[in-house]
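# Descriptive structure summary
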Amino acid sequence: MTRLVSLVSLAVLWTLAVVAGQRADPLERSHPAIQYARPSNDPIASILLKAEGLARLKSDGQSGHLRSILDALDVPVSSQIMVFSQGSVQSRLIAASNPRALYFNDSVVVGWVRKGFIEIAAQDPAQGTVFYTVNASWLGAPTIARSDDCLSCHDTNRTGGVPGMIEPMSHARPLEHRWGGWYVTGSLGALQHFGNVDIAALATASAPAPTPRWSSLERTFDTRGYLTPYSDIAALMVFEHQMQMMNLLTGLGWDTRIALHERRLQPGVIRERVEQVVDYMLFVDEAPITSAITGTSGFAEAFSARGPRDAKGRSLRQLDLRTRTFRYPCSYLIYAAQFERLPAEAKTAVYARMWEILSGKDTDVRYRRLSAVDRRAIIEILRETKPDLPAYFTTRGTAVRGV
């Protein structure tokens, strides 16, 4: 019964958050240091909106231009995850029998629902997430238009107060309390969770049923038109981390740029934002995985195979999925354009804070979960794969407590 009450409460909170949609700490999109409405420098603007990019898009069956768009943006089909909770502009179409499919890479999220249109959220390295809609055309190539109407939901307290993705779930939340309204495929061992469950039906149930376990969705609903029959657990875990990490980086960038413009960037002004970013980047509050997780779409293998790698073959993209999400607990988004384009002052502060933790200078009990082995591995990987890493990370003989 406790699990049932928690699930119903989660559904109510989700609904209230979507309906209220108020920004907890608003940052002005029109601020001279931000100018969110200016032309964007995201993958859609640089790839799809060019004449040759649009000309390459082809329609294919029920999913229309979806596969062609994914190919053009280098978004893997294996990243597909599916959500059937009605928290979208296309809610009238979304149901357990007709879920919304999401596909993603490090800078783009593409959404599609059968009988609906394609939505794209693309990351401008400085401005945050920019939203687009794709509309089919009888004349051949589709039209792609920027849609700031999406900001009514995608610039709220649920996106960190900046234009961003609505975070599906913080990686600090126990896995047992995640994924209500989402399909989940793969092996999760004995783990019980809220995925694959009709939240509305549970409100009248006397007791929660065991979590449905599916390796594929082919026998769950008519999957015609969807590019794969999976809503891969490994992809969902990575997606959850990435969405919040991107929002945090956007918030730090905006705060820093505004403070610089207003000539008030003094020591401590962005300290809280920096600590928030670094703690999340190092998975300090990540809930443990209590039962080994295995995906079924091939996403985990493809994602982990990408670099960069150090001389020992180690990469921050390597998944663990046995006791935690990543083998080496430092976010791969440290390589993303969004991190690289942070104001110099913000990036300097992030590196300094990372070193305080990785070197053992900060002895707070929260950081004890980062073992000496973890710290050593992260430092060594960064030394070989981040050309702009500060000198104090690379100085030979530096005393690293516990390392």
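Each remark here, short or long, concerns the structure printed above.
Residues numbered from 1 in each chain as written. Predicted model: local features only at pLDDT ≥ 70, side-chain atom pairs only at ≥ 80, totals over all residues. Heavy atoms only, no water.

## Overview of the overall build of the protein
To be explicit about the condition: The way it works is that DSSP assigns letters per residue, a run of H or I at least four long becomes a helix, a run of E at least two long becomes a strand, and they are numbered from the N terminus. For every residue, the accessible area (1.4 Å probe, protein chains only) is compared with the maximum for its type, and the residue is labelled buried under 20%, exposed over 50%, or partly exposed between those bounds. Methods summary: accessible areas were calculated by the Shrake-Rupley approach with a probe of 1.4 Å, and residue burial reflects only the protein chains presented.
In terms of helices and strands, the protein carries 13 helices and six strands. Relative to its full complement of 403 residues, the protein shows a buried share of 55%. Of the roughly 17600 Å² of accessible surface on the protein, 53% is carried by carbon and sulfur atoms.

## Let's talk about the nonpolar core
Worth spelling out the cut-off: Working definition of a nonpolar core: buried Ala, Val, Leu, Ile, Met, Phe, Trp, Tyr and Cys residues. They are joined through side-chain atoms within 4.5 Å.
Ranked by size, the top nonpolar core spans 107 residues in total, and within it Ile120, Trp179, Phe239, Leu282, Leu316, Ile334 and Met354 carry the most contacts. A per-element tally of this core places helix H7 (residues 233-261) first, with 15 residues.

## Section: the environment of arginine 271
Let me state the cut-off plainly: Working rule for contacts: check all heavy atoms of both residues, and any pair within 4.5 Å makes them a contact. A 3.5 Å cut-off defines polar contacts: any pair of N or O atoms within that distance qualifies, except that in protein one atom must be a possible hydrogen donor and the other a possible acceptor, and neighbouring residues in sequence count only when both atoms are side-chain atoms.
Mapped onto the fold, arginine 271 is located in helix H8 (residues 271-281). Given the relative accessible area of 35%, arginine 271 is considered partly exposed. Expressed as a C-alpha distance, the spacing of arginine 271 and arginine 353, which sit 82 residues apart in the sequence, is 9.1 Å. Not counting the four nearest positions on each side in its chain, arginine 271 is found in contact with Arg353 and Glu356. For arginine 271, the side chain forms a polar contact with the side chain of glutamate 275, separated by 2.8 Å.

## Points about H7
Where we set the bar: Take the number of residues in a helix, subtract one, and multiply by 1.5 Å to get its expected span.
Helix length check: H7, at 29 residues, gives a terminal C-alpha distance of 43 Å against a target of 42 Å (1.5 Å per residue), a fit within 8%. If you check the start of H7, you find a side-chain oxygen 2.9 Å away from the backbone N of alanine 234, and it comes from aspartate 232. With its phi angle positive at about 55°, arginine 263 sits one or two positions after the end of H7.

## Observations regarding the packing of H7 against helix H11 (residues 344-358)
For the record, the criterion: Note on definitions: angles span 0 to 180 degrees between N-to-C directions of axes, and those axes are lines fitted to C-alpha atoms, for helices only across the stretch in contact. Roughly parallel means an angle under 35 degrees; roughly antiparallel, over 145; roughly perpendicular, 65 to 115; everything else is oblique. Note: crossing handedness is left-handed where the near helix turns anticlockwise from the far helix by less than a right angle, and right-handed where it turns clockwise. Each residue is assigned to one class: nonpolar for Ala, Val, Leu, Ile, Met, Phe, Trp, Tyr, Cys and Pro, charged for Asp, Glu, Lys and Arg, and polar for all the others, Gly among them.
Where H7 contacts H11, the two axes come as close as 9 Å, and the packing angle between them is 125°. The orientation of H7 with respect to H11, classified from their angle, is oblique. The two elements H7 and H11 cross, and the hand of that crossing is right-handed. Taken together, the residues of H11 that come into contact with H7 (itself represented by Leu252, Thr256 and Leu260) are Glu345, Ala346 and Val350. Among the residues making up the contact of H7 with H11, the classes are represented as four nonpolar, one polar and one charged.

## Structural notes on the pairing of strand E3 (residues 108-113)
To keep things clear, this is the line we draw: Note: two strands are recorded as paired if DSSP finds a minimum of 2 bridges between them.
Extensive coverage of E3 is indicated by the burial of six of its six residues. Where burial is concerned, the two faces of E3 agree: the one with Val108, Val110 and Trp112 and the one with Val109, Gly111 and Val113 are both buried. Examined bridge by bridge, strand E2 (residues 100-104) and E3 share five bridges and lie antiparallel to one another. Among the inter-strand pairings, leucine 102 is bridged to a residue of E3, identified as glycine 111. Remark: three residues form the turn of the hairpin made by E2 and E3, two consecutive strands paired antiparallel.

## What to know about unusual backbone geometry
Cis rather than trans, the peptide bond between glycine 307 and proline 308 has omega equal to 0°. The backbone phi angle of leucine 321 is positive, close to 65°, even though this residue is not glycine. Residue class for leucine 321 comes out buried when judged on its relative accessible area of 5%.

## Some thoughts on the side chain of serine 40
Among the structural elements, serine 40 can be located in the loop between helix H1 (2-20) and helix H2 (43-48). At 2.4 Å, the side chain of serine 40 forms a polar contact with the side chain of aspartate 42. Other than its neighbours up to four places away in sequence, serine 40 contacts Ala45, Asp124, Val130, Tyr132 and Arg146.

## Regarding the pattern of salt bridges
Using the following cut-off: The rule for a salt bridge is simple: a side-chain nitrogen of Lys or Arg has to be within 4 Å of a carboxyl oxygen of Asp or Glu.
A full pass over the atoms with the stated rule returns 23 salt bridges. A salt bridge links lysine 386 to glutamate 340; its shortest N-O distance comes to 2.5 Å. With lysine 386 in the loop between helix H12 (372-385) and helix H13 (391-394) and glutamate 340 in helix H10 (residues 337-340), the pair connects residues that are 46 residues apart, well separated along the chain. Classification of lysine 386 as buried rests on a relative accessible area of 3%.

## Observations concerning the environment of aspartate 106
You can see aspartate 106 is positioned in the loop between E2 and E3. Residue aspartate 106 is classed as partly exposed on the basis of its relative accessible area, which comes to 22%. The spatial distance from the C-alpha of aspartate 106 to the C-alpha of glutamine 242 is 7.7 Å, given a sequence separation of 136 residues.

## Structural notes on the side chain of threonine 185
Mapped onto the secondary structure, threonine 185 falls in the loop between helix H5 (151-154) and helix H6 (199-202). For threonine 185, a relative accessible area of 0% gives the class buried. Not counting residues up to four positions away in its chain, the partners in contact with threonine 185 are Trp214, Ser215, Ser216, Leu217, Pro229, Tyr230, Ser231, Asp232, Ile233 and Thr296.

## Focus: the packing of H8 against H11
How two helices pack is summed up by the angle between their axes together with the distance between the axes. The contact between H8 and H11 brings their axes to 9 Å, and the two run at 55°. Viewed along their axes, H8 and H11 adopt a mutual orientation that is oblique. For H8 against H11, the interelement crossing comes out right-handed. Seen from H8, the contacting residues are Arg271, Val274, Glu275, Val277, Val278, Asp279 and Met281; seen from H11, they are Ala349, Val350, Arg353, Met354, Glu356 and Ile357. Grouping the constituent residues of the contact of H8 with H11 by class yields eight nonpolar, no polar and five charged.

## A few points about the packing of aromatic side chains
Short version of the rule: Pairing of aromatic rings covers Phe, Tyr and the six-membered ring of Trp, with a centre-to-centre limit of 6.5 Å; geometry is then stacked below 30 degrees between planes, edge-to-face above 60, and tilted otherwise. Geometrically, a charge over a ring is one whose NZ (Lys) or CZ (Arg) sits within 6 Å of the ring centre while staying within 35 degrees of the ring normal.
Under the defined criterion, the tally for this structure stands at 19 aromatic pairs. One aromatic cluster is present, formed by Phe104, Trp182, Phe239, Phe283, Phe299, Phe303, Phe326 and Tyr332 through successive ring pairs. If you follow arginine 146 out to its NZ or CZ, it ends over the ring of tyrosine 36, 4.9 Å from the centre. Over the ring of phenylalanine 303 we find arginine 317, and its NZ or CZ is 4.2 Å from the ring centre.

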